[in-house]
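# Examining the three-dimensional arrangement
Next come the chains, spelled out residue by residue.
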Amino acid sequence: MKRLVMMWSVLLAGISALALGGCGFMEPAQPTSGEAGSATYVVGDYKIGPEDELEIIVWRNADLSKVVMVRPDGKISLPLVGDVMAVGLTADQLAKEIATRLKDFKESPNVSVVVKQVNSYSVYVMGEVAKPGRYQLKTYTTVLQAISTAGGFGPYASKNKMFVLRKSANTGAETRINVSYDDIVSGADSAKNIVLVPGDTVVVP
């Protein structure tokens, strides 16, 4: 009997791990290195972006609960509270902000936010690839994965002269991150196969 219980515990733990692993898109955190070219990214809480579709649920209040799209200016509009900045916040942070604003109209509001659809994670792949263009992604994507999504290298691609253009969300300044295909696949500098962030442009000369 004890053995059967242990087997069920292991099985349930495995199911839980799979469920958590596929629960949705998560945003890379900021680089752990100060140098953009050698930045290493780790998984963190997903931060809402423009055009994401959100479900706002206010417990026991169907009139205040609704599905909204984040506008290009980063805000959403809700009854009573008006415009709320959503971009850059996690779902929990946005829920707390909405609840705080609702306290003027409702006692102890219980608010939850669900990201129903991720539309803000898009990157550009340009140059010597089979299908250059803008790609909307749903999961973390590295440089080589993005090139694969774009159909792979063209016949004249300079694989060791690739670079990623990344714009700072704070200053708007653009940073160039050099990427060498041979260094990545040989293991000499596999960290250069960085995880792309929304708005990145991969350029293959």
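Given the structure is predicted, the values throughout are model-derived calculations rather than measurements.

Here we take up the pairing of strand S7 (residues 133–136). As defined by bridge partners, strand S6 (residues 122–127) adjoins S7 across four bridges and the pair is classed as antiparallel. Its bridge partner lying in S7, Tyr124 is registered against Arg134. From the end of S6 to the start of S7, which pair antiparallel, there are five residues.

A complete count under the given rule lists five salt bridges for this structure. Across the salt bridge formed by Asp83 and Arg71, the nearest N and O atoms sit 3.3 Å from each other. In this pair, Asp83 sits in strand S4 (residues 82–85) while Arg71 sits in the loop between strand S2 (66–69) and strand S3 (75–78), placing the two residues 12 residues apart along the sequence. Among the residues examined, Asp83 registers a relative accessible area of 38% and is labelled partly exposed. Residues joined in a network through salt bridges with shared partners are Arg71, Asp73 and Asp83.

Further remarks concern the nonpolar core. The biggest cluster of nonpolar side chains holds 23 residues, and the ones touching the most others in it are Tyr121, Val125, Val143, Ile147, Val164, Leu196 and Val202. Within the residue set of this core, elements represented by two or more residues are S6, helix H3 (143–149), strand S8 (162–167), strand S9 (174–179) and strand S10 (201–204). Looking at this core, the element that brings in the most residues is H3, giving three residues. If we skip the residues at most four places from it in the chain, Ile147 touches Val129, Gly152, Phe153, Met162, Val202 and Val204. The next biggest cluster of nonpolar side chains, apart from the first, holds 20 residues, and it includes Ile56, Val68, Leu78 and Val111.

Mean pLDDT for the protein chain: 82, with 79% of residues reaching 70 or above. Mean pLDDT across the secondary structure elements of the protein chain bottoms out at helix H1 (residues 2–21), with 38, and peaks at S10, with 98. The low-confidence segment residues 1–27 (pLDDT under 50) makes 18 contacts with residues lying over four places distant or belonging to another chain. Across residues 29–43, confidence stays below pLDDT 50; counting only partners more than four residues off in sequence or on other chains, it has 26 contacts.

What follows covers unusual backbone geometry. Non-glycine residue Arg60 carries a positive phi angle of around 65°. Residue placement: Arg60 occurs in the loop between strand S1 (53–58) and S2. A positive phi angle, close to 50°, is found at Ser108, a residue other than glycine. Examined against the element boundaries, Ser108 turns out to sit in the loop between helix H2 (91–102) and strand S5 (111–117).

Cut-offs applied
- Residues numbered from 1 in each chain as written.
- Predicted model: local features only at pLDDT ≥ 70, side-chain atom pairs only at ≥ 80, totals over all residues.
- Heavy atoms only, no water.
- Pairing = 2+ DSSP bridges.
- Helix = DSSP H or I, 4+ residues; strand = E, 2+ residues; numbered from the N terminus.
- Salt bridge = Lys/Arg side-chain N within 4 Å of Asp/Glu carboxyl O.
- Buried < 20%, exposed > 50% of the residue type's maximum accessible area, 1.4 Å probe, protein only.
- Core = buried A, V, L, I, M, F, W, Y, C linked by side-chain atoms within 4.5 Å.
- Contact = heavy atoms within 4.5 Å.
- pLDDT = per-residue confidence, 0-100.

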